[in-house]
4 protein chains.
Amino acid sequence: MIDLGPDFRLRDPADYPRWYGFDHPRPDLLAQAVYGLPELHRAELVALADAEVAIVGSPGCYPTATILGLAPLAGAGLIGDLVVDAKSGVSGAGRETKPDMMFGEVNESVKAYGVGGHRHTAEIEQELALVTARAGLAANANPGTAPLDFLPHLIPMTRGIFSSSHVRPSRPITQAALDALYAEAYADEPFVTVVAAPPATKHVTGSNEVRIHVRLDERSGRILVLSVEDNIVKGAAGQAIQAFNLVHGLPETAGLEQLPLAP
Amino acid sequence: MIDLGPDFRLRDPADYPRWYGFDHPRPDLLAQAVYGLPELHRAELVALADAEVAIVGSPGCYPTATILGLAPLAGAGLIGDLVVDAKSGVSGAGRETKPDMMFGEVNESVKAYGVGGHRHTAEIEQELALVTARAGLAANANPGTAPLDFLPHLIPMTRGIFSSSHVRPSRPITQAALDALYAEAYADEPFVTVVAAPPATKHVTGSNEVRIHVRLDERSGRILVLSVEDNIVKGAAGQAIQAFNLVHGLPETAGLEQLPLAP
Amino acid sequence: MIDLGPDFRLRDPADYPRWYGFDHPRPDLLAQAVYGLPELHRAELVALADAEVAIVGSPGCYPTATILGLAPLAGAGLIGDLVVDAKSGVSGAGRETKPDMMFGEVNESVKAYGVGGHRHTAEIEQELALVTARAGLAANANPGTAPLDFLPHLIPMTRGIFSSSHVRPSRPITQAALDALYAEAYADEPFVTVVAAPPATKHVTGSNEVRIHVRLDERSGRILVLSVEDNIVKGAAGQAIQAFNLVHGLPETAGLEQLPLAP
Amino acid sequence: MIDLGPDFRLRDPADYPRWYGFDHPRPDLLAQAVYGLPELHRAELVALADAEVAIVGSPGCYPTATILGLAPLAGAGLIGDLVVDAKSGVSGAGRETKPDMMFGEVNESVKAYGVGGHRHTAEIEQELALVTARAGLAANANPGTAPLDFLPHLIPMTRGIFSSSHVRPSRPITQAALDALYAEAYADEPFVTVVAAPPATKHVTGSNEVRIHVRLDERSGRILVLSVEDNIVKGAAGQAIQAFNLVHGLPETAGLEQLPLAP
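Report on the accompanying structure.

Analysis parameters
Residues numbered from 1 in each chain as written. Chains lettered and ligands numbered in written order. Predicted model: local features only at pLDDT ≥ 70, side-chain atom pairs only at ≥ 80, totals over all residues. Heavy atoms only, no water. Helix = DSSP H or I, 4+ residues; strand = E, 2+ residues; numbered from the N terminus. Rg over C-alpha atoms; globule rule 2.2 N^0.38 Å. Buried < 20%, exposed > 50% of the residue type's maximum accessible area, 1.4 Å probe, protein only. Salt bridge = Lys/Arg side-chain N within 4 Å of Asp/Glu carboxyl O. Contact = heavy atoms within 4.5 Å. Buried area = accessible area lost by both parts, 1.4 Å probe. Nonpolar A, V, L, I, M, F, W, Y, C, P; charged D, E, K, R; others polar. Polar contact = N/O pair within 3.5 Å; in protein donor to acceptor, adjacent residues only side chain to side chain. Least-squares fit on C-alpha atoms with pLDDT ≥ 70 in both. Phe/Tyr/Trp six-rings, centres within 6.5 Å; stacked < 30°, edge-to-face > 60°. Expected span 1.5 Å × (residues − 1). Pairing = 2+ DSSP bridges. Axes fitted to C-alpha atoms, helices over the stretch in contact; angles between N-to-C directions. Bend = angle between axes of the 7 residues up to and from the residue.

Assigned secondary structure in chain A consists of eight helices and 10 strands. Its C-alpha atoms give chain A a radius of gyration of 18 Å, near enough to 18 Å, the size a compact globule of 263 residues would have. Its C-alpha atoms give chain A principal-axis dimensions of roughly 50 × 50 × 40 Å. The burial tally for chain A puts 58% of its 263 residues in the buried class.

Laid out in structure tokens, this is it:
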């Protein structure tokens, strides 16, 4: 089962009452579920082929772009302080009829929402902690990653997520070192591209690609990580297919090689 | 003279080669010019009525929303760390024909620009330093304000600026104290409204109003300041009229009482 | 009472079951109500000041732009054949939450609706017949006006109506004669402007103005009438205020002199 | 050679000075060129495989949707009178930087352009005349098709063309007969779908499909033909590939089976 909702994304049962307002009815299954972000959980997804119960909790749209943008820094213990300021089109909210998703409300306007408590915060914290642990770092090696300041905004467009991560590095770093870090992290990833110029969400519309730009701003001393995705594809259905392919032994890119649609 | 360009916004002549790439030809005039943000420079604007040379450097669009959003915190020495992540419609870029402002490029897309070096950074730093000094605080009382991490984004809309300031306070503070601080700061301002719910840019379209929402996010420990304006009105022409009114002894709100246009 | 709904727009009680699906409960009042299009019913609106019962049926958004665009031709008996192809932003549909008004459905799309039977057809036919009668012409002098082919489309924008009327003239006519006809018709109207170049809806956003362009296409032999309005102002609330002013003896333009908002 | 510009679309050399303002330098080649609309010229495209000179003039965006929408009626001699009122997103104008294609000009606005003389008129007239001739009808069997009243509008969206054809039939016809006529005309076409409900341009975004809805409006006596396409695909590059496939003996749908992107 590949679940596109949040019911199997979080490992800690205590996160459900805290972030979603309910007690998880089957906490035993959470331990078996795999967080369906192939770039971080590929081996576990492949291993589900032989599992009696195969549950994939497909990641949220914001977490996909944000976690992939930050994982190399987390793995290097570089996240001293972190602000994630994200922007999304309306399709991330689903197709349910809501007053604040009407064209007349959305068009020609920007607003922040989920101020101080968007549920996707939990996933981002969970996965950055996991990357930290996997790298053999102390739990507090990336002090900026929790509690996370994550602020999403609604943008007058249909598809696309832009995640802007502002990182104060925990130690001095150069642009060259950042470039090397990201190049290595994603060298073999079919759906993650590290780009030399700041990306736009339109660069990936309709495709399963995430584009990441990392920039050391020498003046402010911060690392800026800009990552974009199509929230309907890599941020939802495409990613679920990617996980499905892995679980079923298919080529990981099967059905996902559609190019972005431009303009 | 009320100048809507940047030529008289910065006090320090050295800022011109650094941020704009040219030496200011008349640095002597910079000292006489007034930064035309009435909420911070009202008395100086009024005093221009009697000046031999009356030069107003009308503020940039991003600085207007951002400075007004942060001034109360700066005056209280509360800005320990600061990230300003801002979003603008296309009209902030003027009416010049540019490839990246074509509808086909802008629509259904978001991108960051001026990454690590947008020129409006200089104004924001200058004015927050001024507020710090006026409050009798040490120059380093608000360490987050310089060098500033200011990241603007282009949004698929025509009018509106949304400035999201993420502040790590330099000392513990409560929501009640923040509310009192902002209420007092803007109690008598005709064009600044402190709002209890997160604003949208559309709330102020066509008006000279800035709306500011301040929220202590207890979980992350950060103060979020969300400020919106119509970049063409309060962020440009409207603010220039407001300054003109003050210089000429007219009611400050003359010609500026137009309500927002909704939807 | 100035009613912005359709309940007092139609003179013939039989039009209600036909176009709106209900029998009018007070057909006696229909005869007393005035169709609130000041350019055609100014004297009747003024006369309501002394009426015991003063009911104004404020016109629909499409009819306002379309009737004003065609009235000079109807008054001259020139409408041999007529197609009205109209385009509207979403605000004409009101603020009710409807699935097909969600941003994700409307953006980047155009569709026709009310195909073959939009209710505003009745108003347009009624008023063009009235203009015909007032001009002392036979009822069939403008054969294109009924039954009318009126086709509206939903456009991905919030405000604005663009009405394109394609007229086959009933007799030869020159551009000069058309220009004279329209200039005379609207010379004294405060809210109708005849323009020499094709207008855009944005030219009138936020204002109570209708702009009309009339062009003889010598090649096809048709007269094209292009009329634009802001459906929320001249097409709704602004027009109601204009009628209110007339009924109450106020200057007709009181409260309505707001300029268009551009861009 | 498959030319996406207009240089080989028109058969009559006299049409070039009239519609494009230049004399065609190689009128001899016009006779050999094939108008690349596979639904009307499939055999000729296939025959180019053996031609010494193979020139395809790929159709314009508006003509593709409009001709396919009207061809069944023209073939039956049914077009007594015709108005074509069309709507396009900005990408039909190409990527050249033009002031009136800037986001700030296009967004929240609709305008007509090419009033009374858009160049695509020539193609539409040419092909409808061809269909008339092929059906063995007299040249004046479809009097509405020339001189054609074709009026295009610019809509605030990137992709998509909506063509609304208002046809006064030359003889009585029923909806059932229309349905049969269209069903038969397009039964075997891989990229033309006759739909029972009015289509939206978004239904075909990113695909090579044209969707056509035909409706007899019994009240006005007109036939309404609504046809939509993605102007970048079926209206340009996709159609060129379709022609290329035919010329080269490839399956006609090769590389063109991409589904529409929704939302």
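Picking up after the structure, the text goes on.
This paragraph deals with the pattern of salt bridges. Inspection of every chain in the model, using the stated rule, returns 68 salt bridges over all chains. The salt bridge partner of Asp149(B) is Arg222(A), with a shortest N-O separation of 3.7 Å. Residue Asp149(B) is located in strand β6 (residues 149-154), and its partner Arg222(A) is located in strand β10 (residues 222-229); the two belong to separate chains. We note that Asp149(B), like Arg222(A), is buried. With a shortest N-O distance of 3.5 Å, Lys111(D) and Asp100(D) are connected by a salt bridge. On the criterion of sequence distance, the pair formed by Lys111(D) in strand β5 (residues 111-112) and Asp100(D) in the loop between β4 (79-88) and α5 (103-106) is long-range, its members being 11 residues apart. Taken together, the shared-partner salt bridges in this structure form one network comprising Asp81(A), Asp149(A), Arg168(B) and Arg222(B).

Turning next to the interface of chain A and chain C. One widely used convention gives an interface's size as the accessible area the parts lose upon coming together. The interface is formed by 16 residues belonging to chain A together with 16 residues belonging to chain C. Around 1,300 Å² of area is buried between chain A and chain C when both sides are counted, 63% of it from carbon and sulfur atoms. The interface formed by chain A and chain C includes two salt bridges. Each residue belonging to the side of chain A that touches chain C can be placed in one class, and the counts come to eight nonpolar, four polar and four charged.

The interface is formed by 46 residues belonging to chain B together with 46 residues belonging to chain A. Buried surface at the junction of chain B and chain A, summed over both partners, amounts to about 3,800 Å²; 55% is from carbon and sulfur atoms. Linking chain B with chain A are 10 salt bridges. The shortest N-O distance in the salt bridge between Lys87(A) and Asp85(B) comes to 2.8 Å. Linking chain B with chain A are 34 residue pairs in polar contact (both at pLDDT 80 or more). No other element matches strand β4 (residues 79-88) of chain B, which puts six residues into the side of chain B that touches chain A. Residue composition of the side of chain B that touches chain A, grouped by class: 20 nonpolar, 11 polar and 15 charged.

This paragraph deals with the environment of Ile55(C). Residues and elements named next belong to chain C. Residue position: Ile55 is located in the loop between α3 (38-47) and β3 (56-57). Take Ile55: its relative accessible area is 6%, and that puts it in the buried class. Sequence separation between Ile55 and Glu108 is 53 residues; the distance between their C-alpha atoms is 41 Å. Apart from residues lying up to four places away in sequence, Ile55 is in contact with Met1, Phe8, Leu29, Gln32, Ala33, Val34 and Leu48.

A few words now on the relation of the copies chain B and chain A. Relating one copy of the chain to the other takes a rotation about an axis and a shift parallel to that axis. With an axial shift of 0.0 Å and an RMSD of 0.0 Å, the rotation relating chain B to chain A amounts to 180 degrees. The operation mapping one copy onto its partner corresponds to a two-fold rotation axis. By residue overlap, the copies meet face to face through one surface: 100% of the interface positions of chain B are interface positions in chain A.

This part takes up the packing of aromatic side chains. Any aromatic ring pair is given by two values, namely how distant the centres are and how the planes are angled relative to each other. For the structure shown, the criterion picks out 18 aromatic pairs over all chains. Clustering of aromatic rings is evident, with ring pairs tying together Tyr16(A), Tyr20(A) and Phe22(A).

Residues and elements named next belong to chain C. Helix length check: helix α4 (residues 61-75) (15 residues) gives 21 Å between terminal C-alpha atoms against 21 Å at 1.5 Å per residue, within 8%. Among the 15 residues of α4, 14 are classified as buried, and the element is accordingly described as predominantly covered. Within two residues after α4, Gly77 carries a phi angle of roughly 65 degrees, on the positive side.

What follows is about the sheet that holds strand β5 (residues 111-112) of chain B. All names here are of chain B. What the seven strands build is an open sheet, ordered β5-β6-β4-β7-β10-β9-β8; its pairing is mixed. Looking at which strands have only one partner, the edges of the open sheet turn out to be β5 and β8 (192-194). Bridge analysis of strand β7 (residues 161-169) against strand β10 (residues 222-229) gives seven bridges, and the strand direction is antiparallel. Note that in β10 the partner of Ile161 across the bridge is Glu229. Each of β4, β6, β7, β8, β9 (210-217) and β10 touches helix α4 (residues 61-75); the most contacted strand, β10, lies at about 140 degrees to it.

As a further point, take the sheet that holds strand β1 (residues 2-3) of chain A. All names here are of chain A. Taken together, three strands build an open sheet; the order of strands is β1-β3-β2 and the sheet is parallel. Looking at the sheet topology across the chains shown, the edges are occupied by β1 and β2 (34-35). With two bridges joining them, β1 and strand β3 (residues 56-57) adopt parallel strand pairing. If you follow Ile2 over to β3, its bridge partner there is Val56.

Attention now moves to the relation of the copies chain A and chain C. Placing chain A over chain C gives an RMSD of 0.0 Å and needs a rotation angle of 180 degrees, together with 0.0 Å of translation along the axis. The fraction of interface residues of chain A whose copies in chain C are also interface residues reaches 100%, indicating that both copies meet through the same surface.

We now examine the environment of Val233(D). Residue and element names in this part refer to chain D. On the secondary structure map, Val233 appears in helix α8 (residues 233-247). Classification of Val233 by relative accessible area gives buried; the value is 14%. Considered as a pair, Val233 and Cys61 are 172 residues apart in the sequence and their alpha carbons are 9.1 Å apart. Sequence-distant contacts of Val233, that is, excluding residues within four places in its chain, are made with Arg159, Gly206, Ser207, Asn208, Gly238 and Gln239.

A word on the side chain of Ser88(C). Topologically, Ser88(C) is positioned in strand β4 (residues 79-88). Ser88(C) has contacts with Tyr62(C), Tyr113(C), His153(C), Leu154(C), Ile155(C), Gly160(C) and Ile161(C), leaving out every residue within four places of it along the chain.

All names here are of chain C. The end-to-end C-alpha separation of helix α8 (residues 233-247) is 18 Å, well short of the 21 Å expected for 15 residues at 1.5 Å each. The largest bend in α8 comes to about 45 degrees, at Gln239. Burial within α8 is extensive, with 11 of its 15 residues counted as buried. When we look at burial in α8, the residues that qualify are Val233, Lys234, Gly235, Gly238, Gln239, Ala240, Gln242, Ala243, Asn245, Leu246 and Val247. In this fold, the buried residues of α8 make contact with β1 (2-3), α3, β3, α4, β9 (210-217) and β10 (222-229). Downstream of α8 by a residue or two, Gly249 has a phi angle that is positive, lying close to 70 degrees.

By themselves, these are just geometric observations and shouldn't be taken as functional.
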